[in-house]
Every structure is written in C-alpha cells, then in structure tokens.
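Read off the chains here:
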Amino acid sequence: MSNDATLTSKGQTTIPKEIRDSLSLKAGDRMTFTLMPDDSVLMRVKSKSVTELAGVLHEKGRKPVPVARLSR
C-alpha cells in the first residue's frame, strides 16, 4: 500500500485515510518513528496501554508469583 502525504511548514503531515482505517487509528493514538540505516522510516502504533496487557501471560493452572519474588 502506498499513499502520498505533504509536510506542512510546521512539520506536520496527515496520515492518509486508507492507512488510518487499516491500522484502526483514532485521535489521540500514539506512534513511534524509527529512522532505519537505509533512510526508510518505520512507524509503529502505540495504541495499547500497559493496563491492557494485564493477564496476557496467564497460563491455566499456573500459580501466581508474588511481586517480591519477581524482583530477585
């Protein structure tokens, strides 16, 4: 997918609608831009908060580990 955008005098641009829709972007979403060695730019959407990750490592039947034990 390739779309063009224009940089404003204030250094702003608009992410094309097709890309926003494909990534389910909405106002307030955060993203990270990484400049690669070949001068391409990698953009990653940071729309998940830490609280949304709670429980993702849970395995059925596994006993919880106390926080004090995690910091050892």
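Refer to the structure printed above.
Residues numbered from 1 in each chain as written. Predicted model: local features only at pLDDT ≥ 70, side-chain atom pairs only at ≥ 80, totals over all residues. Heavy atoms only, no water.

Is there a simple way to explain the overall build of the protein in this structure?
Looking only at helices and strands, the protein features two helices and two strands. Starting at the N terminus and walking to the C terminus, you meet the elements of the protein as α-β-β-α. Here the protein holds 72 residues, and 4% of them are scored as buried. Across the protein, the fraction of contacts at a sequence separation of at least 24, relative to all contacts at a separation of at least 6, is 2%. When the accessible surface of the protein is summed, it comes to about 7100 Å², and 54% of that surface belongs to carbon and sulfur atoms. (Helix = DSSP H or I, 4+ residues; strand = E, 2+ residues; numbered from the N terminus. Buried < 20%, exposed > 50% of the residue type's maximum accessible area, 1.4 Å probe, protein only. Contact = heavy atoms within 4.5 Å. Areas by Shrake-Rupley, 256 points an atom, 1.4 Å probe, with all protein chains shown as cover.)

What exactly am I supposed to notice about the side chain of Asp-29 here?
Considering the arrangement of structural elements, one finds Asp-29 in the loop between α1 (17-22) and β1 (30-35). The class of Asp-29 is buried, set by a relative accessible area of 17%. From its side chain, Asp-29 meets the backbone nitrogen of Lys-26 in a polar contact 2.9 Å long. (Polar contact = N/O pair within 3.5 Å; in protein donor to acceptor, adjacent residues only side chain to side chain.)

None of the figures reported here should be taken as evidence of function without further support.
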